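The residues making up each chain are set out below.
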Amino acid sequence: MTSTLTDIETIKRRAARILNQAANAANEHEKNVFQAKAFAMMAQYGLSEAEMRMMSADQGKVVHKTIPITGPNKVEQTRLWHSICRSLHCASTGVTGYTRVSVYGVESHVQRAIILFELLKPQMLAEARQATPPEATDEGWNEPDDWYYHRGRKAAITREFRRNFLIGFAAA
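Our subject in this report is the structure included herewith. (Residues numbered from 1 in each chain as written. Predicted model: local features only at pLDDT ≥ 70, side-chain atom pairs only at ≥ 80, totals over all residues. Heavy atoms only, no water.)

### Quick notes on the overall build of the protein
- Assigned secondary structure in the protein consists of six helices and three strands.
- Taken across its 172 residues, the protein has 28% of its residues classed as buried.
- Nonlocal contacts in the protein, meaning residues at least 24 apart in sequence, comprise 64% of its contacts between residues at least 6 apart.
- On the protein, roughly 11,400 Å² of surface is accessible, and the fraction owed to carbon and sulfur atoms is 54%. (Helix = DSSP H or I, 4+ residues; strand = E, 2+ residues; numbered from the N terminus. Buried < 20%, exposed > 50% of the residue type's maximum accessible area, 1.4 Å probe, protein only. Contact = heavy atoms within 4.5 Å. Areas by Shrake-Rupley, 256 points an atom, 1.4 Å probe, with all protein chains shown as cover.)

### Overview of the environment of Cys85
- In this structure, Cys85 sits in helix 4 (residues 74-87).
- C-alpha of Cys85 to C-alpha of Gly105: the two residues are 20 residues apart in sequence and 8.8 Å apart in space.

### Quick notes on the sheet that holds strand 3 (residues 100-106)
- Taken in spatial order, the three strands of this open sheet run 1-3-2, and their pairing is antiparallel. Strand pairing shows two members of the sheet lacking a second neighbour, strand 1 (62-68) and strand 2 (91-94), which therefore form its edges. With direction set aside, neighbouring strand axes in the sheet form an average angle of 20°.
- On top of the sheet, helix 5 (residues 107-130) reaches strand 1 and strand 3; it is set at about 145° to strand 3, its chief contact. (Pairing = 2+ DSSP bridges. Axes fitted to C-alpha atoms, helices over the stretch in contact; angles between N-to-C directions.)

### Some details on the side chain of His109
- Tracing the sequence through the fold places His109 in helix 5.
- Taking relative accessible area as the criterion, His109 reaches 17% and is therefore assigned buried.
- When neighbours within four sequence positions are excluded, His109 is seen to be in contact with Leu88, His89 and Cys90.

### Digging into helix 4
- For helix 4, which comprises 14 residues, the first-to-last C-alpha distance of 20 Å matches the rise-based estimate of 20 Å (1.5 Å per residue) to within 8%.
- Those residues of helix 4 lying buried are Glu76, Gln77, Thr78, Leu80, Trp81, Ser83, Ile84 and Cys85.
- The first or second residue beyond helix 4 is His89, which carries a positive phi of 60°. (Expected span 1.5 Å × (residues − 1).)

### Quick notes on a positive patch on the surface
- On the surface, a cluster of positive charge is made up of Arg13, Arg14, Arg17 and Lys37.
- Examining the composition of the positive patch, we find that three residues originate from one element, helix 1 (residues 2-23), more than from any other.
- The residue Lys37 is located in helix 2 (residues 28-45) in this model.
- Judged by relative accessible area, Lys37 falls into the exposed class, the value being 52%. (Patch = residues over 30% accessible without salt bridge, like charges linked within 9 Å, V, L, I, M, F, W, Y side chains within 5 Å. Salt bridge = Lys/Arg side-chain N within 4 Å of Asp/Glu carboxyl O. Lys, Arg positive; Asp, Glu negative; His and termini not counted. Charge placed at Lys NZ, Arg CZ, Asp CG, Glu CD.)

### Remarks on the packing of aromatic side chains
- For the structure shown, the criterion picks out two aromatic pairs.
- Taking 5.2 Å as the distance between ring centres and 80° as the angle between the ring planes, the aromatic pair formed by Trp81 and Phe117 counts as edge-to-face. On the criterion of sequence distance, the pair formed by Trp81 in helix 4 and Phe117 in helix 5 is long-range, its members being 36 residues apart.
- Centre to centre, the rings of Phe165 and Phe169 are 6.2 Å apart; their planes meet at 45°, and the pair counts as tilted. Of this pair, Phe165 and Phe169 both sit in helix 6 (residues 147-171), four residues apart, which is roughly one turn of that helix. (Phe/Tyr/Trp six-rings, centres within 6.5 Å; stacked < 30°, edge-to-face > 60°.)

### Focus: the pattern of salt bridges
- Taken as a whole and judged by the stated rule, the model has one salt bridge.
- Glu9 is the partner of Lys12 in a salt bridge, and the nearest nitrogen-oxygen pair spans 3.7 Å. Within this pair, Lys12 and its partner Glu9 are both found in helix 1, separated by three residues, close to a single helical turn.
- Given the relative accessible area of 14%, Lys12 is considered buried.

Pasting the structure below:
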């Protein structure tokens, strides 16, 4: 009975390797060939796709990295960081003052989180700087009466709108 279990484990590993080759194929034709071969092997031996995913999952070493948070809107940048880490199966912690964040996870996931954060952070901040609430563009802001009141109100509404934009960006 032991030899049968060993044979099944060998077949599972072989099918998982073929699925990994399909995932990393150079073109669509190669991908289809590898997938067909893996699915035929899975059907022949009664293996499920979930078993194959578990076999091909990254069993890498868990690492810890600390990332500095710089620039404006550190609280919202930290929210973006936590959202990215949660999506990539990592655990993240922040430091009081929002000057740096830590991440714990499989090395490949941590690297993906760092790359994604470095790509999305400038985009989020640039779009927030350009975000203008609908109320701030109304003609009513140009009235000569109570100009200082309108100017202060416009600035407050714009700040709130941009902060909400950043929160929404991080949550999406």
